[in-house]
Amino acid sequence: MIDPVVSESINILRKRSLAEGGFANTDNGDYRTDATAWAILALSACGLDPEIISRARSRLASGQLPDGGVCISPYHPEVYWPTPLAILAWSQSAPQQDSLARAVDFLLDHSGMSLQEQEKSPDASDVTLKGWPWVAGTYSWIDPTALGIIALKVTGHSNHPRIAEATRLLLNRQLPHGGWNYGNTILFDKELRPMPENTGLALDALQSLTARSNLELSLDYLKVVVRNLRTPIALSWGILGLGAWGERPVAATSWLSECWGWQARFGVYDTASLSLFILACRLSGGIESLYRLAP
Amino acid sequence: MGFTRREFLGACVGGAILAASGHFLWRKFLRSRWQAQTFIAKVPGYQADIATVICEGLAHLGISPQEIKGKRILLKPNLVESNPASIQINTHPLVVRGAVEAFLKFGASRVMVAEGPGHCRDTLRVLEESGLAEVLWEDRIPFIDLNYQDAYSIPNVGKFSSLTSLTFPAILRQVDLIVSLAKLKTHHWAGITLSMKNLFGFMPGLYYGWPKNVLHYAGIEEAILDITATLRPHLAIVDGIVGMEGDGPIMGDPKPAGVLVMGRNLPAVDATCARVMKINPYKVGYLKRAEFVLGTINEADIVQVGEPIAAVATEFKLLNYIPSQKSLRMGFWGKFI
């Protein structure tokens, strides 16, 4: 049984699906890899539209680079942060197992830049740890690292050293008073502020990788702040992150419904946001619970 | 036949005088090409009639309704993070409203607001928590999320960094006037953040990351200059009603400066803002490098209309433990340049 709000969301996604496969991020927009991957996950979570999903997966595969990476646009091969999203989109797809394997190898072979520790650095983080960057040749940040962890866990690499180091990175970037932001903690002796979207994603990634006791402050932060969130990215990651640790808020459905209504204020949400919203509506845990849903 | 020592010394002195004259004349030539105008208004608080102030500023800068009539205007405020208790972080929503009203009064066919926050992946959340969403909603002002738009790439005109191209959101091809609607703040990496650093928000996070780390690796000063040179914004309006001092651009303290600063030439605007903050613009790396390339920062070449700098200048706190802020203060000689 599909919730009416989810049903309407799916109709919007369907209108953005392209004849040649894949999805645009907005009405009448062009093909986008990140939107396509997210839409595949959302429709999979609803058990709908196998044909559209299949064409979308093929379109994603057709854009994969020879080195296995999946980039935001063919003109920007260095912008490879969508690679873990493609892995998640292909994970349950027999025809794309080769693409999947190449993308996993790519992720294992690439990382964010590691820096040397400086004695008087204004940045309190351990800059030697490697996760994943947004763009090749740049530093590791929370979101791409967390997505990389989730993608590798889903494909059976939970015990890989890259996941171990990425986990250490996420824990190192956890703010002393709880939560994560984009990836800085203390600069010039001042603790920065957490953000719910990064916190939810980091918590989701860390499911089963660390003791809950290491995350209590972050869980506490998110449980409080999520009550007032009504924008799709922050609210959805907030719910997914808490759900990954068995703390999906009881009022989540009601909040998601209000979030849906806020399109009157903000306009129709884009494909990536809408897809994340659908996942938050459908999944009781984090992103990994998608792969435990009955077919 | 050789030179005598006297002849040799005379030739050296003559050569030095010639070189100095040439340098002086060259700088005079450059300065004559790069004169600019900036406008400063005293604004006691955000409840003032900001639209009227901005209209006056446009008029003082020689921007007529004829120039704006029928144009599509894009206003780009500075929305970094949201903290409801901290009005010093972001361009105030009432300044945004005032700017929209001013351009509509001048006959713009469409005024839209756009931003691509550098830290927050959820732009709508920042919009909501900053209070700007309420103003946009009340006034029916369209908002464009620059982080997630489809984009296009063009060659890097500035060439200050090694970036060969820059990628901008598609909306920029559908507007006639780009306005940097910045905030008057210090910055812990760049020294200050004003109308030129504000342009980082045009670079889509989809291509540059959160934060826009590609630009940091390219060099923050270089990236500021490249984006300014390539994008060529038409106007800057800087919200200094309450600015930020200390550990900017997020964690600093509110600093009421009570000004709006406007101008067509962004280096000139930023230099004027720096002087309002009692900061020497020649000590700000990106401004010094912008001189004679992107504009002028020399006070003698900036026609100052509205309030004089001396009437509004107020010392913004700088922190000695932040390297980029250590030597920015306007010293004795700085008052004369």
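Residues numbered from 1 in each chain as written. Chains lettered and ligands numbered in written order. Predicted model: local features only at pLDDT ≥ 70, side-chain atom pairs only at ≥ 80, totals over all residues.

Participant: What should I look at first to understand the overall build of chain A in this one?
Facilitator: Looking only at helices and strands, chain A features 13 helices and 2 strands. Radius of gyration (C-alpha) of chain A: 18 Å, near the 19 Å computed for a compact globule of 295 residues. The 295 residues of chain A split such that 51% are buried. A separation threshold of at least 6 residues defines the contact pool for chain A, and within that pool the share at least 24 residues apart is 63%. (Helix = DSSP H or I, 4+ residues; strand = E, 2+ residues; numbered from the N terminus. Rg over C-alpha atoms; globule rule 2.2 N^0.38 Å. Buried ≥ 20, exposed ≤ 12 C-beta atoms within 10 Å, placed from the backbone. Contact = placed C-beta atoms within 7 Å.)

Participant: Quick question: what am I supposed to make of helix α4 (residues 83-90) of chain A here?
Facilitator: Residue and element names in this part refer to chain A. The buried fraction of α4 is high, at 8 of 8 residues. Turning to α4, its buried residues number three or more, namely Thr 83, Pro 84, Leu 85, Ala 86, Ile 87, Leu 88, Ala 89 and Trp 90. Close packing links the buried residues of α4 with α2 (33-46), α3 (50-62), α5 (97-109) and α6 (142-154).

Participant: Please clarify how the nonpolar core should be interpreted in this entry.
Facilitator: Note on soluble globular proteins: their nonpolar side chains tend to be buried together. If you look at the biggest cluster of nonpolar residues, it comprises 195 residues, and the most contacted ones within it are Leu 279 and Ala 280 of chain A together with Leu 75, Ala 99, Ile 237, Val 238 and Leu 260 of chain B. Take this core: its biggest share by element is 9 residues, from α2 of chain A. When sequence neighbours within four positions are dropped, the list of residues in contact with Leu 75 of chain B reads Val 96, Ala 99, Val 100, Val 111, Val 113, Val 179 and Leu 181 of chain B. (Core = buried A, V, L, I, M, F, W, Y, C linked by C-beta atoms within 7 Å.)

Participant: It is not clear to me how the domain arrangement of chain B should be interpreted in this structure. Could you clarify?
Facilitator: One widely used convention gives an interface's size as the accessible area the parts lose upon coming together. The assigned domain composition of chain B is domain 1 (1-33) and domain 2 (36-336). For domain 1 of chain B versus domain 2 of chain B, the separation of C-alpha centres amounts to 42 Å. (Domains from an automatic or database assignment.)

Participant: Mind showing me how you'd approach helix α10 (residues 232-244) of chain A here?
Facilitator: An α-helical turn contains 3.6 residues, so any two residues separated by three or four positions project in the same direction. Residue and element names in this part refer to chain A. Given a rise of 1.5 Å per residue, 13 residues ought to cover 18 Å, and the 18 Å separating the end C-alpha atoms of α10 matches this to within 8%. The buried fraction of α10 amounts to 13 of the 13 residues, a majority that puts the element mostly inside the structure. In the stretch just after α10, Gly 246 is the one whose phi turns positive, near 70°. (Expected span 1.5 Å × (residues − 1).)

Participant: Looking at this model, I keep getting lost on unusual backbone geometry. Mind explaining?
Facilitator: Note that the residue after Trp 210 of chain B, namely Pro 211 of chain B, is joined by a cis bond; omega there is 5°. Residue Pro 249 of chain B follows Gly 248 of chain B across a cis peptide bond; omega there is 15°. If you trace the backbone, Pro 249 of chain B turns up in the loop between β9 (235-245) and β10 (253-263). The residue Asp 189 of chain A is not glycine, and still its phi comes out positive at about 65°.

Participant: Looking at this structure, how should I read the environment of Thr 185 of chain A?
Facilitator: Residue and element names in this part refer to chain A. Tracing the sequence through the fold places Thr 185 in the loop between α7 (161-172) and β1 (186-187). In sequence terms Thr 185 and Arg 173 are 12 residues apart; their C-alpha atoms lie 5.9 Å from each other. If sequence neighbours within four positions are ignored, Thr 185 has contacts with Ala 124, Ser 125, Arg 173, Leu 175, Glu 191 and Leu 192.

Participant: Would you mind showing me how to read the environment of Leu 235 of chain B here?
Facilitator: Residues and elements named next belong to chain B. By the element assignment, Leu 235 lies in strand β9. Leu 235 sits in the buried class, given 24 other C-beta atoms within 10 Å. Along the sequence, Leu 235 and Tyr 217 sit 18 residues apart, while their C-alpha atoms lie 28 Å from each other. When neighbours within four sequence positions are excluded, Leu 235 is seen to be in contact with Leu 177, Val 179 and Arg 264.

Participant: What's the story with the packing of α10 of chain A against helix α11 (residues 252-261) of chain A in this structure? I'm lost.
Facilitator: Packed helices, taken two at a time, are described by the angle their axes make and the gap between the axes. All names here are of chain A. The N-to-C vectors of α10 and α11 enclose an angle of 165°; their axes lie 10 Å apart at closest approach. Considered as vectors, α10 and α11 are oriented roughly antiparallel to each other. Crossing geometry of α10 relative to α11 is assigned as left-handed. Facing Pro 232, Leu 235 and Ile 239 of α10, the residues of α11 in contact are Ala 252, Trp 255, Leu 256 and Cys 259. When its residues are assigned to classes, the contact of α10 with α11 shows 7 nonpolar, no polar and no charged. (Axes fitted to C-alpha atoms, helices over the stretch in contact; angles between N-to-C directions. Parallel < 35°, antiparallel > 145°, perpendicular 65-115°, else oblique. Left-handed = near helix turned anticlockwise from the far one by under 90°. Nonpolar A, V, L, I, M, F, W, Y, C, P; charged D, E, K, R; others polar.)

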